[in-house]
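# Structural description and commentary
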Amino acid sequence: MKLNRYLDHTLLKPEATEQQIDQVVREALENHFYSVMVNPYWVKHVHAQLAGSDVATACVIGFPLGANTTAIKVAEAKQAIADGVDELDMVINIGELKGGHYDAVQQDIESVVTAGHAANKVVKVIIETALLTDGEIVKASEIVADAHADFVKTSTGFSTRGASVHDVSLMKGAVQDRIGVKASGGIHTRDEALAMIDAGATRLGVSASMAIIGK
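In the nomenclature of an unreviewed UniProt entry, the chain corresponds to Deoxyribose-phosphate aldolase from the organism Lactiplantibacillus pentosus. Regarding the chain, the UniProt comment filed under Function (unreviewed entry) reads as follows: "Catalyzes a reversible aldol reaction between acetaldehyde and D-glyceraldehyde 3-phosphate to generate 2-deoxy-D-ribose 5-phosphate."

### What about the pattern of salt bridges?
Under the criterion given, the structure shown has 15 salt bridges. Between Glu87 and Lys124 there is a salt bridge; the shortest N-O distance is 2.6 Å. You can see Glu87 sitting in strand 4 (residues 87-91) and its partner Lys124 sitting in strand 5 (residues 122-126), a full 37 residues away along the chain. As far as burial versus exposure is concerned, Glu87 and Lys124 are alike and both buried. A salt bridge links Lys172 to Asp177; its shortest N-O distance comes to 3.1 Å. Overall, the relative accessible area of 24% leaves Lys172 in the partly exposed class. Connected via shared salt-bridge partners are Asp8, Glu87, Asp89, Lys124, Lys153, Lys182 and Arg203.

### Here we look at the sheet that holds strand 2 (residues 35-38)
The parallel closed barrel is built from eight strands, whose spatial order is 1-2-3-4-5-6-7-8. Neighbour-to-neighbour, the strand axes of the sheet open up by a mean angle of 25°, direction not taken into account. Note that strand 7 (residues 180-184) and strand 8 (residues 203-206) share three bridges and pair parallel. Looking across to strand 8, one finds that Lys182 is bridged to Arg203.

### Thoughts on helix 7 (residues 165-175)
Those residues of helix 7 not exposed but buried are Asp167, Val168, Leu170, Met171, Ala174 and Val175. Down the axis of helix 7, the smallest arc covering the buried residues is 160°, so these residues share one side. The inward-facing, buried residues of helix 7 abut helix 6 (134-146), strand 6 (151-153), strand 7 and helix 8 (190-199). Immediately downstream of helix 7, the backbone of Gln176 shows phi near 50°, a positive value.

### Quick look at the packing of aromatic side chains
Enumeration according to the criterion identifies two aromatic pairs in this entry. Consider the rings of Tyr41 and Trp42, whose centres lie 5.0 Å apart with planes at 90°: the pair is edge-to-face. Owing to a relative accessible area of 15%, Trp42 belongs among the buried residues under this scheme. Ring geometry for Phe63 versus Phe158: centroids 5.2 Å apart, planes at 85°, classification edge-to-face. Of this pair, Phe63 sits in the loop between strand 3 (56-61) and helix 3 (70-82) while Phe158 is found in the loop between strand 6 and helix 7, placing the two residues 95 residues apart along the sequence. Above the face of the Phe151 ring, Lys124 is positioned so that its terminal group lies 6.0 Å from the ring centre. For Arg203, the ring lying beneath its charged end belongs to Tyr34, and the centroid distance is 3.7 Å.

### Topic: the pairing of strand 8
Residues Arg203 and Gly205 of strand 8 are buried on one face, and the alternating residues Leu204 and Val206, pointing to the opposite face, are buried as well. Bridge count between strand 1 (residues 7-10) and strand 8: three bridges; the pairing is parallel. Residue pairing for strand 8: Leu7 is matched across the bridge by Leu204. Note that the unit made of strand 7, helix 8 and strand 8 has a crossover that is right-handed.

### What to know about helix 8
In an α-helix, one full turn covers 3.6 residues, which means residues spaced three or four apart are oriented alike. Looking only at helix 8, the buried set comprises Ala193, Met196, Ile197 and Ala199. Buried residues in helix 8, looked at end-on, bunch into an arc of 165°, giving them a common side. Seen from the buried face of helix 8, the exposed residues on the opposite side, beyond 90 degrees, are Asp191 and Asp198. For helix 8, the elements touching its buried residues are helix 7, strand 7, strand 8 and helix 9 (209-212). Just past helix 8, the residue Gly200 takes up positive phi, approximately 125°.

The rules behind the values
Residues numbered from 1 in each chain as written. Predicted model: local features only at pLDDT ≥ 70, side-chain atom pairs only at ≥ 80, totals over all residues. Heavy atoms only, no water. UniProt positions renumbered as here; feature names shortened; annotations may be inferred. Salt bridge = Lys/Arg side-chain N within 4 Å of Asp/Glu carboxyl O. Helix = DSSP H or I, 4+ residues; strand = E, 2+ residues; numbered from the N terminus. Buried < 20%, exposed > 50% of the residue type's maximum accessible area, 1.4 Å probe, protein only. Pairing = 2+ DSSP bridges. Axes fitted to C-alpha atoms, helices over the stretch in contact; angles between N-to-C directions. Arc of directions from axis to C-beta. Contact = heavy atoms within 4.5 Å. Phe/Tyr/Trp six-rings, centres within 6.5 Å; stacked < 30°, edge-to-face > 60°. Lys NZ or Arg CZ within 6 Å of the ring centre and 35° of its normal. Right-handed = clockwise from strand over helix to strand, strands pointing away.

Shown next, in the form of structure tokens:
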């Protein structure tokens, strides 16, 4: 298994400096990680360094709370696309999901998916499993698949906890092979990474990429 190709090498800390971003880019290039995942501000900078490589440029949208308006999420996505992004990881409207307003949640997702797919970009959708019941995790995953996103993703890494094997199993069971499943947040070791993959994850969002691959 080429574990490196499962990894979105991630740096989303608000205090991340250009020097730290550049280090993450170097590590991704040297180890052929799947992508470098950053905040939207850094997309143009990262894309310039990754262009022509096998490492994708990725960023978050509506991060980390998901409570932006749909118009803002779409505008943020379109700006990232213009700056050279390959993959977009958006946060759902968590409050509307918990309130049972499923149509609003799906429409929010579909708007970003439409913008992303129009430019042939991959769209992943963060449901923030730490804040959801098991039933809500299943429902959210189904909505993400129905909205034609490419992946459903566990976590921002900025909530009360990150991903769990249980979360990933629920999500995989809900979407089957319709879309991918990304586990992110709190994955620090190779064994933890492999456990997520065994549970059904097809991509991992990690900041501990170097430790996971044993470097």
